[in-house]
Amino acid sequence: MEALIQSFFNFGILAQAWPILLSGFWMTLLLTVVVVPLGLAGGLAVALASTSRNFFLRTLVVLYVDFFRAFPPLVLLMLVAYGLPFLDIRLGAFGSVALAFLLNTSSYYGEIFRAGIESIPRGQTEAARSTGLSALQTLGYVVVPQAARNVTPDLISNTLEVIKLTSIASVVALPELLHAAREAQSLTYNATPIIAAGIIYLVCLWPLVRLLSRFEHRQIALH
Amino acid sequence: MERFAETFLNWNVMAQYAPKILEGAWVTIQIAVAVVLAGIASGLALAVLRAFRFRLANLAIVVVVDVLRALPPLVIIILFYFALPTVGIQMSAWVATWLALSLVLMAFSEEIFWAGIVAVPKGQWEAARSTGLSFLQTLRDVVLPQAVRLTIPPLTNRTIAITKNTALGAVVAVGEILYQAQSAYSFSYNPSPLLLGAVAYLILFIPVVYFGRWVETRFAWKR
């Protein structure tokens, strides 16, 4: 017990590591507020393209989505971070993470949005168009508001996964929370910073997990 | 274009490291299969245990599942591999990766199975019990077959997402595809092995993604 406290819950070490962890936390937060909206916007574009009437565009989007869904995100990140510099494209750690996440998450969000759009019967679009709304108005006022409600649980679930996924940015040395924790661990020879980082993730993400769990039960119960 | 081919599609480098990548693919498959078996079996076991509604056990299950869903998988792997040894619990990188991912899959599949069990109408329990079936018989022969059918699409998607996380093992030097590709990249200072690794993932996971799509339409929830 004593040893456990000494190596996992050591307050002296925690005080020492706190500034590093805090800056890591801010980086994770920054990453989240950049990467999630980017992914949502990209996903919406993907979904709109996949419901277009143009056959080539639709096929292209299906290929894009399947391609990036089959790639483990870490593999994609490494390819972007270590491969692109050989083409003289230097994005830096943050840029590489942002690009890899955009490619990966936009295909997931795109699938969710597409399912949402397809859940709205075609007759609604036709009715809206025949009352004189433009295609864009139909989408904005009729389809998207209903579609968004149908897929809210999936959107939250995917967003939770994206936030958790930001931890892989540590691999390309972006100083986010996990990277900070590992750095603090190697400076102090103590595992407390890693435990602390875990607790920070837990405290921030637990409310989302609870919310999601309630949604999921409702969804399966209403099958 | 010539330079592009030489950097990214360098046949000499690829031929040299292809056996390593193949070796890595085998390790990836082994971990993925072991994770799927352990994760789904333990998730189902927990969901069944939860059906007995022992209050203390259920509270423990909810807490464990929530924690495992809130923590990024990479944080759990690093916790197992770098933090646990400081309190005398040693495990190999392979075991750390397998255990972490299995626990994550256990948490997600428990939630999904439990939601399925809850979704089976109460009348089914009552009718089965009144015909003389025991609690266990009711669960095994009446409730679970219906519950599992409901859970197949979400479970398949979640399982696919988690098996792709085997790439995270590279961070703790498990010799799977990404690790082999990455070390080949740093030996040869040429990104071709990374590309080769990416192709290996595509070959492994595109069929899996398509299988997931097929399952989704085959067992689609009728709304």
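Everything below is about the structure printed above this text.
Model, not experiment: these values are computed from the prediction.

Novice: Any details on the overall build of chain B? Residues and values, ideally.
Specialist: Helices and strands together make up the secondary structure of chain B, namely nine helices and zero strands. Secondary structure elements in chain B, listed N-terminal to C-terminal, are α-α-α-α-α-α-α-α-α. Radius of gyration (C-alpha) of chain B: 22 Å, far over the 17 Å computed for a compact globule of 223 residues. Looking at chain B as a whole, 43% of its 223 residues qualify as buried. By sequence separation, contacts in chain B at least 24 residues apart represent 78% of the contacts at least 6 residues apart.

Novice: Can you explain the packing of helix α2 (residues 11-51) of chain B against helix α5 (residues 93-119) of chain B? Please cite residues and give values.
Specialist: Residues and elements named next belong to chain B. Where α2 meets α5, the closest approach of the two axes is 6 Å, and the angle between their N-to-C directions is 40 degrees. The angle between the axes of α2 and α5 places the two elements in the oblique class. The two elements α2 and α5 meet at a crossing, and its hand is right-handed. For the contact of α2 with α5, the residue count by class is 16 nonpolar, six polar and two charged.

Novice: Now, about the interface of chain B and chain A: what can you tell me, with residues and values included?
Specialist: Chain B puts 42 residues into the contact, and the matching count from chain A is 42 residues. Only α1 (2-8), α3 (55-70), α4 (73-83), α5, α7 (135-164), α8 (177-188) and α9 (192-218) of chain B provide two or more residues apiece to the side of chain B that touches chain A. No other element matches the eight residues that α9(B) contributes to the side of chain B that touches chain A.

Novice: Lay out the packing of helix α3 (residues 55-70) of chain A against helix α5 (residues 92-118) of chain A in plain terms, naming residues and giving numbers.
Specialist: All names here are of chain A. Axis separation between α3 and α5 bottoms out at 9 Å; the angle between their running directions is 120 degrees. Classified by the angle their axes make, α3 and α5 are oblique. As α3 packs across α5, the resulting crossing turns out to be left-handed. Where α3 abuts α5, its residues Tyr 64, Val 65, Phe 68 and Arg 69 lie against Leu 103, Asn 104, Ser 107, Tyr 108, Gly 110 and Glu 111. Among the residues forming the contact of α3 with α5, the class breakdown is five nonpolar, three polar and two charged.

Reading the values: the criteria
Residues numbered from 1 in each chain as written. Chains lettered and ligands numbered in written order. Predicted model: local features only at pLDDT ≥ 70, side-chain atom pairs only at ≥ 80, totals over all residues. Helix = DSSP H or I, 4+ residues; strand = E, 2+ residues; numbered from the N terminus. Rg over C-alpha atoms; globule rule 2.2 N^0.38 Å. Buried ≥ 20, exposed ≤ 12 C-beta atoms within 10 Å, placed from the backbone. Contact = placed C-beta atoms within 7 Å. Axes fitted to C-alpha atoms, helices over the stretch in contact; angles between N-to-C directions. Parallel < 35°, antiparallel > 145°, perpendicular 65-115°, else oblique. Left-handed = near helix turned anticlockwise from the far one by under 90°. Nonpolar A, V, L, I, M, F, W, Y, C, P; charged D, E, K, R; others polar.

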